[in-house]
Amino acid sequence: MIEINKRQDIRKMDVEQLKSWLATHGEKGFRAKQVFEWIWKKSAHSFDEMTNLSLATRQLLNEHFLIHSLDIAKQQQSNDGTIKSAFKLFDGNLVEGVLIPAADRMTACVSSQVGCSLTCKFCATGYMDRKRNLEAGEIYDQVVAIARQAEGSFKAPLTNIVYMGMGEPLLNYANVLESIAHITSPEGLNMSPRRITVSTAGIAKMIKKLGDDEVKFRLALSLHAANDEKRNQIMPINESNSLDNLAEALNYFYKKTGNRITFEYIVFNNFNDTLQDAKELWEFTKRVPARVNIIEYNPIAEADFKNTEAARLDKFAAYLEDRGVSVHVRRSRGKDIDAACGQLANKEAA
């Protein structure tokens, strides 16, 4: 008969739960804080690393708990320095994380789900099934792995985190917020929440919940079209979360948090790149206090979308800037590797 391993991941417990558990097993309660410091501050993945605990305590923890870890299944480095990793989780599933180096910052892009349920037509992850949500510890581990890549390859610390990888963060709300709590806590990685951005395809009720929870991190909306008809074509989530509903939710979020929103806008050739599209986007920015990131598209095999021409992109950006919109053009990174979100994990899983 096969014995089932009943050990649970200790990172699913909070410090009070662990303190209580240790007390019932004859251990001092303060050991819980020591264990949590190893887990969330020092990023330990083995109880044997916890050298300020007695051997007996470490053995006790090993008997009842484990710490799920992730491995790098494949890593690609672009000519522009971008490092993309396919991370293998404890159950064999794959997710992606990216290190995006720049002169003034090192940014980690992390995933929140294995696959995605939203079926956005331009996104490689949208053509994958959503298999499960990531645990808070699995999101945290991506950040730690990418921070080590930044130190190892560029001798620079990680400065920013964007939740823009695989999955919809607001459909994994509790784990995403818990991961951010550990990343920003002085008892964790102690990163400023102002350096963290969570990107959503647009789920109005969950955006309002972020406002109610008075989160400190920044919020980005993957917009990509500022009229409902076009947005419905590429983002089915818009059919139940119209632009009117999103504008209301975003303003609610802004009033509750004071955090200005970013609109992410990928420019697709001959779809959303005309001056009329720019006018609609400008009008939408008047409804919601927001800056605009215009993004070059990384084409994928599953979709026919192509990046717009440089001249059209420049005219689009200039139209907005001339009307006082804060605009940043984000050039495509990693063009010589599997740059689009979901491509590498999809390839490795095949």
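Residues numbered from 1 in each chain as written. Predicted model: local features only at pLDDT ≥ 70, side-chain atom pairs only at ≥ 80, totals over all residues. Heavy atoms only, no water.

Secondary structure summary: the protein chain contains 11 helices and 14 strands in total. Its C-alpha atoms give the protein chain a radius of gyration of 22 Å, within 12% of the compact-globule value 20 Å for 350 residues. Counting only C-alpha atoms and orienting by the principal axes, one finds that the protein chain spans roughly 70 × 45 × 40 Å. By residue count, 55% of the 350 residues in the protein chain fall in the buried class. When contacts within the protein chain are restricted to residue pairs at least 6 apart in sequence, long-range pairs at least 24 apart make up 66% of them. Accessible surface for the protein chain amounts to roughly 16100 Å². Of this, 48% is attributable to carbon and sulfur atoms. Charge-centre separation for the protein chain: the mean point of 46 positive side chains lies 3 Å from the mean point of 45 negative side chains. (Helix = DSSP H or I, 4+ residues; strand = E, 2+ residues; numbered from the N terminus. Rg over C-alpha atoms; globule rule 2.2 N^0.38 Å. Buried < 20%, exposed > 50% of the residue type's maximum accessible area, 1.4 Å probe, protein only. Contact = heavy atoms within 4.5 Å. Areas by Shrake-Rupley, 256 points an atom, 1.4 Å probe, with all protein chains shown as cover. Lys, Arg positive; Asp, Glu negative; His and termini not counted. Charge placed at Lys NZ, Arg CZ, Asp CG, Glu CD.)

For the rest of this paragraph, the subject is the UniProt feature "active site" (unreviewed entry) in the protein chain. Per the UniProt record, "active site" (unreviewed entry) is annotated on Glu96 and Cys341. For Glu96, the position within the fold is in strand β5 (residues 94-101). Looking at Glu96, its side chain comes within polar contact range of the side chain of Lys84, at 3.1 Å. (UniProt positions renumbered as here; feature names shortened; annotations may be inferred. Polar contact = N/O pair within 3.5 Å; in protein donor to acceptor, adjacent residues only side chain to side chain.)

It is worth spelling out the nonpolar core at this point. If you look at the biggest cluster of nonpolar residues, it comprises 103 residues, and the most contacted ones within it are Ile10, Leu18, Tyr163 and Phe263. Considering each element in turn, this core owes the most residues, 7 residues, to helix α4 (residues 136-154). Ignoring anything within four residues of it in the chain, the contact list for Phe263 reads Leu221, Leu223, Leu250, Leu281, Phe284, Thr285, Val288, Ala290, Arg291, Val292 and Asn293. (Core = buried A, V, L, I, M, F, W, Y, C linked by side-chain atoms within 4.5 Å.)

As a further point, take helix α8 (residues 243-257). Along its 15 residues, α8 runs 21 Å from first to last C-alpha, staying within 8% of the 21 Å computed at 1.5 Å per residue. Among the residues of α8, Leu243, Leu246, Ala247, Ala249, Leu250, Phe253 and Thr257 are the ones counted as buried. Where α8 is buried, its residues touch α6 (204-212), β11 (218-222), α7 (228-234), β12 (261-266) and α9 (275-285). Looking at the residues trailing α8, positive phi occurs at Gly258, about 75°. (Expected span 1.5 Å × (residues − 1).)

With 12 residues, helix α5 (residues 173-184) extends 16 Å between its outermost C-alpha atoms, agreeing within 8% with the 16 Å of an ideal straight helix rising 1.5 Å per residue. For α5, every residue scored as buried is listed here: Tyr173, Asn175, Val176, Ser179, Ile180, His182, Ile183 and Thr184.

According to UniProt, the feature "binding site: [4Fe-4S] cluster" (unreviewed entry) maps to Cys116, Cys120 and Cys123 in the numbering used here. As for its position among the elements, Cys116 is in the loop between β7 (113-114) and β8 (132-133). If you trace the backbone, Cys120 turns up in the loop between β7 and β8. Not counting the four nearest positions on each side in its chain, Cys120 is found in contact with Gly126, Tyr127, Ile234, Met235 and Pro236.

This brings us to the pairing of β12. When you tally the buried positions in β12, you get 6 out of 6 residues, the bulk of the element. Of the two faces of β12, the one holding Ile261, Phe263 and Tyr265 and the one holding Thr262, Glu264 and Ile266 are both buried throughout. Here β11 runs beside β12; their pairing, made up of 3 bridges, is parallel. By the bridge assignment for β12, Ser222 is matched with Glu264. Where β12 and strand β13 (residues 290-295) come together, 6 bridges link them in parallel fashion. (Pairing = 2+ DSSP bridges.)

Our next topic: the pairing of β5. Extensive coverage of β5 is indicated by the burial of 7 of its 8 residues. Joining the antiparallel neighbours strand β4 (residues 83-88) and β5 is a turn of 5 residues, in which Gly92 adopts a positive phi near 90°. Sheet topology note: the β5/strand β6 (residues 106-109) ladder contains 4 bridges and is antiparallel. Residue pairing across strands places Ile100 opposite Thr107, the latter belonging to β6.

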